[in-house]
Amino acid sequence: MSLALRPLPRCDAGLTPALLVVAVPALLALPLTSDGAGPADVFSGLVVVYCVIRLLLERRRPLSPAAAVILGLPVVGLALATMGAFSSQAGLTGLGRYLQTFVLVPAAVLLLLRDRTGFRLVAWACVGLGLCQGALGVHQFVTRTGASYQGENIRAVGTFGSHDVMGMATAVSLGLVCAVGIALGRVSVRQRAAAAACASLLLLPLALSFSRGAWIATFLTCAVQLVLTGWRRALKVAAAAVAASVILVGGFGVGSVLLQQRIGSIAQVADAPDQSVVDRYTLWASATEIWRQHPLTGVGLKGFPEYRDGHATLALSSGSETEGAGAAYQRQPLLSPHNMYLLVLSEQGLIGLLALAGSWLAVLVCGVRRLVRVRDRGPGLDCGLIACGLLVWLLTDFMYGDIGGPSTVLIAVAMGLGAWWALTADTRADAPLSTVPERAEEALAR
């Protein structure tokens, strides 16, 4: 009877906040019912509120001075861009999205994760989300119930639908990066084998997403993760990955013709590029021209669509065509340059880009420095590979895409994982951890 009155083991108290973070990617596996804020977005806001209340009750300093400066740096450019927005409603809407993605949710993740066990739980949740979305995407390709691609409903989009074709690609890519980090880390053999199997399974839905930006970012990120663990190991794993790809695409013929065409289009930018490539480069040129006329503070948040046509050439189409995955045919207006850096540059100017990209770069540099310190003998190699990998993937993918849609909250969680590894105190993140069963035995013994 006395055991029932004792407090819960310390491990349960440490894992409870982490489970709140785990719920965010878990909610992204649910079917979306609208184009607005989904359950994951709403819950991420509740997580931020819970974090604030917890800090007030515990009466402790929320962030170290360095972490506060790095995470708070984007607020400078955002404040100026909000004041310069063409309407107060648009400015406040954009401000809320940016703060959620790059300040509030990452800070909440950093504060709620107490140790590497919680970090790994969130990483495995991202892997699980990628597997769920990827399985649905493969089913869409096989049954021809996906989004429209070259006249056929074969594009894997998961639950995100044809209006957000990058959603599933983002979820699968980030899950694959987490799985590769775990497989290359110093964890149990069972975890490494499971992670390697998950990474192999995620390759197929990533290919069937037909997302060139996600392919490039994932390939580069996995290469960086492998190199950080040693050249010999990198070559062995790269050879195995190439063999698996040859068997998957060449042996079984999984979308081989379409994949070859899509891969070939990556380098086909001057010699008869497709309309999507033409639109992208036209939008990039338009964003650059907007910035040149408003170099310091940009045109304000959500201002790119208002100034786009005045700086775009006639090569820009009226919108992108979407169809399939349960949605009727419609044309979606091109409201962003599909390049995060150019979007920030045009709407927030040079001040906003230096503040936002400076924050990202500072987190990446701190994360890589810590990874180098623990690479040989220190604890948490898998956490470092995951965190740095997520940051590399995001910073690479931002050259081909930007924020928007339900998958944006997953980007915020990934930023939070990177910030946790890079900005938490060494004594907190690298302290030796006992397993959950060991802690439970100690509690029972007392």
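Within every chain, residues take consecutive numbers counted from 1 along the sequence as written. Confidence filtering applies because this is a predicted model: local features only for residues at pLDDT of at least 70, side-chain atom pairs given and counted only at 80 or more, and all residues used for totals across whole chains, interfaces and linings. Side-chain metrics in this entry use all non-hydrogen atoms of the structure; hydrogen atoms and water are not considered.

Q: Can you explain the overall build of the protein? Please cite residues and give values.
A: Within the protein, the secondary structure is distributed over 19 helices and four strands. When accessible area is computed with a 1.4 Å probe and restricted to protein chains, residues below 20% of their type maximum are described as buried, those above 50% as exposed, and intermediate ones as partly exposed. In the protein, which comprises 446 residues, the share counted as buried stands at 50%. Residues are treated as being in contact if the distance between any of their heavy atoms lies within 4.5 Å. In the protein, once contacts between residues fewer than 6 apart in sequence are set aside, the share between residues at least 24 apart is 77%. Elements are defined by DSSP. Helices are runs of H or I of four residues or more, strands are runs of E of two residues or more, and each kind is numbered from the N terminus.

Q: Before we move on, can you summarise helix α4 (residues 65-72) with the specific residues and values?
A: The set of residues buried in α4 consists of A67, I70 and L71. The buried residues of α4 occupy an angular sector of 90° when projected down its axis, which confines them to one face. In α4, the exposed positions angled more than 90 degrees off the buried face are occupied by P65 and V69. The secondary structure elements touched by the buried residues of α4 are α5 (74-83), α6 (88-112), α15 (340-374) and α17 (408-423). Picture the helix axis, draw a direction to every C-beta atom, and the arc is the one those directions span.

Q: Give a detailed account of the side chain of Q100, specifying residues and quantitative values.
A: Checked against the element boundaries, Q100 lands in helix α6. At a separation of 3.2 Å, a polar atom in the side chain of Q100 contacts the side chain of S44. Q100 has contacts with D41, S44, V105, P106, V409 and A412, leaving out every residue within four places of it along the chain. Nitrogen and oxygen atoms within 3.5 Å of one another constitute a polar contact, given that in protein one can donate a hydrogen and the other can accept it, and given that sequence-neighbouring residues count only through two side-chain atoms.

Q: Before we move on, could you go through the pattern of salt bridges and cite the residues and values that matter?
A: In the sections that follow, a salt bridge refers to a side-chain nitrogen of Lys or Arg positioned within 4 Å of a carboxyl oxygen of Asp or Glu. Tallying each qualifying case throughout the model produces six salt bridges. Close ionic contact of D41 with R97 constitutes a salt bridge, the shortest N to O distance being 2.9 Å. A residue pair is termed long-range when its members are at least 10 positions apart, and D41 in helix α3 (residues 39-58) and R97 in helix α6 qualify at 56 residues. Judged by its relative accessible area of 23%, R97 falls in the partly exposed class.

Q: Can you explain the packing of α4 against α5? Please cite residues and give values.
A: Convention adopted: a line fitted to C-alpha atoms gives each axis, helices being fitted over their contacting stretch, and angles between N-to-C directions are expressed from 0 to 180 degrees. The contact between α4 and α5 brings their axes to 5 Å, and the two run at 35°. Of the residues in α5, those touching α4 at I70, L71 and G72 are P74, V75 and V76. For this scheme, ten residues count as nonpolar: Ala, Val, Leu, Ile, Met, Phe, Trp, Tyr, Cys and Pro. Four count as charged, namely Asp, Glu, Lys and Arg, and the remainder, Gly too, count as polar. Looking at side-chain class alone, the contact of α4 with α5 contains five nonpolar, one polar and no charged residues.

Q: Describe the confidence of the model for the protein, with residues and values.
A: A residue's pLDDT is the predictor's confidence in that residue, given on a scale from 0 to 100. Overall, the predicted model of the protein reaches an average pLDDT of 83, with 81% of residues at or above 70. Scored below 50 in pLDDT, residues 429-446 makes 25 contacts in the model with residues more than four places away or belonging to other chains.

Q: Account for helix α9 (residues 189-208), with residues named and values stated.
A: Counted at 1.5 Å a residue, the expected span for α9 with its 20 residues is 28 Å, and the 30 Å between its end C-alpha atoms agrees. A195, C198, A199, L202, L204, P205, L206, A207 and L208 are the residues of α9 that are buried. F210 sits one or two residues past α9 and shows a positive phi near 55°. For a helix, the expected span equals 1.5 Å multiplied by the number of residues minus one.

Q: Kindly report on the pairing of strand β2 (residues 152-155), identifying the contributing residues and their values.
A: Note on pairing: two strands pair once DSSP finds at least 2 bridges between them. Summarising the sheet, strand β1 (residues 147-149) and β2 pair through three bridges and their orientation is antiparallel. Each bridged residue has a counterpart across the sheet, and for A147 the counterpart in β2 is R155. Counting the residues that bridge the hairpin from β1 to β2 gives two residues, and of these Q150 lies at a positive phi of roughly 55°.

Q: So, the side chain of T408: which residues are in play, and what are the values?
A: Here T408 shows up in helix α17. Reaching out from T408, the side chain makes a polar contact with the backbone nitrogen of G404 at a distance of 2.8 Å. What T408 contacts, discounting residues up to four positions off in sequence, is R97, T101 and I403.

Q: Requested: an account of the packing of helix α10 (residues 212-228) against helix α16 (residues 381-397), with residues and values cited.
A: Contact geometry of α10 with α16 gives a least axis separation of 9 Å together with a crossing angle of 145°. The handedness of the crossing between α10 and α16 comes out as right-handed. Across the interface between the two elements, G213, A214, A217, T218, L220, T221, V224, Q225 and L228 of α10 pack against L385, I386, G389, V392, W393, T396 and D397 of α16. In terms of residue class, the contact of α10 with α16 is built from nine nonpolar, six polar and one charged. Here a crossing is taken to be left-handed if its near helix is turned anticlockwise relative to the far helix by less than a right angle, and right-handed if that turn runs clockwise.

Q: Give a description of the packing of aromatic side chains that names residues and reports values.
A: Pairing of aromatic rings covers Phe, Tyr and Trp, the last through its six-membered ring, and needs centres within 6.5 Å; plane angles under 30 degrees mean stacked, over 60 mean edge-to-face, and all others mean tilted. Counted under the stated rule, the structure contains eight aromatic pairs. Seen in terms of ring centroids, Y98 and F102 are 6.1 Å apart; in terms of plane orientation they differ by 40°. Their pairing is tilted. On the criterion of helical spacing, the pair formed by Y98 and F102 is a turn pair, its members being four residues apart in helix α6. No difference in accessibility class separates Y98 from F102, as the two residues are buried. The structure contains a cluster of three or more aromatic residues connected by ring pairs, namely Y98, F102, Y341, W360 and F398.

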